[in-house]
Amino acid sequence: MRNDSECSNDSEDTRCSDPDNYSETDALGPDHWGVVYCSDEDGDGSDDEESERMEFNRKWFVRDPDFAEIDEISDSSDSTPVPSDPEPDVEVGFYAEVCDSFKSGYAMQKDIDNILIEVNASKHAYNVSVSDQLMHSTRALLELCPEVKEFPRYVQYFGPMFMKLAKDRDSQMVILDEIETWALEKSRVADTQKILHILYNEDVLDESNILEWAESCDESISKSIAKFVVWLREAEEETSSDSD
């Protein structure tokens, strides 16, 4: 492999326009780097023959100074470009790890703080934001529970972790928005009211945030949670009157 210092003696910074007649200086300028591949042609393996094969059978991967992309310049024996690997989908990878942590943690009944440590480690490994961490954690919790009737025991287990992740209004809005997105995608709108009620009972969601979110949520969900919203408003009014 050629490094930057090895390339510093190359001539002007140009791209080879003729792959059949390229030279090292054509392929690599002072601000480029490249990788050499040797062919496996027949030979007796002597040093001289190996050196000759390295000289005449190689591919240069030339990178522009701004490192925006990698282009291939190859010899005439293999002129087909090699596509670069696509960038990994960070969010898909992070979500998969969160799901694994949730599933294994619940199955083994791990200490919830240990699961939070795993999720935080994945967050730093994938460099995702706090809001994305909470969004994917919410989705993982919803997907983990096959039926809404089983949701209470899952929330009792994972609730303390979500209470640590969602202490303020903005973070709770992330949870509520993800519940809305999930319910619409999975045709689980009818389950939304019970899910919100359980999260409210386990102190994951505050009534003021639920009521604010309910004013702008999807119409189908708004109808589904109407009774719960009325109940929350009455409870809020009673709390206000008691405080007076």
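For the structure itself, look to the data block above.
These numbers come from a predicted model, not from an experiment.

**Points about the nonpolar core**
- The biggest cluster of nonpolar side chains holds 50 residues, and the ones touching the most others in it are Phe102, Phe151, Phe158, Met161, Phe162 and Trp213.
- Among the secondary structure elements, those contributing two or more residues to this core are helix H4 (90–108), helix H5 (112–126), helix H6 (130–144), helix H7 (151–165), helix H8 (169–185), helix H9 (192–201), helix H10 (207–214) and helix H12 (226–243).
- Counting residues per element, this core draws most heavily on H7, which supplies 8 residues.
- Discounting chain neighbours no more than four positions away, the residues touching Met161 are Phe102, Ile112, Ile115 and Leu116.

**Comments concerning the packing of H8 against H10**
- Viewed as axis vectors pointing N to C, H8 and H10 meet at an angle of 50 degrees, and their least axial separation amounts to 10 Å. Relative to H10, H8 is oriented oblique. Viewed along their axes, H8 and H10 form a crossing whose handedness is right-handed. For the pair H8 and H10, contact is made by Arg169, Gln172, Met173, Leu176, Asp177 and Glu180 and by Asn209, Ile210, Glu212 and Trp213, respectively.
- Residue classes in the contact of H8 with H10 are distributed as 4 nonpolar, 2 polar and 4 charged.

About the criteria used
- Residues numbered from 1 in each chain as written.
- Predicted model: local features only at pLDDT ≥ 70, side-chain atom pairs only at ≥ 80, totals over all residues.
- Heavy atoms only, no water.
- Core = buried A, V, L, I, M, F, W, Y, C linked by side-chain atoms within 4.5 Å.
- Buried < 20%, exposed > 50% of the residue type's maximum accessible area, 1.4 Å probe, protein only.
- Helix = DSSP H or I, 4+ residues; strand = E, 2+ residues; numbered from the N terminus.
- Contact = heavy atoms within 4.5 Å.
- Axes fitted to C-alpha atoms, helices over the stretch in contact; angles between N-to-C directions.
- Parallel < 35°, antiparallel > 145°, perpendicular 65-115°, else oblique.
- Left-handed = near helix turned anticlockwise from the far one by under 90°.
- Nonpolar A, V, L, I, M, F, W, Y, C, P; charged D, E, K, R; others polar.

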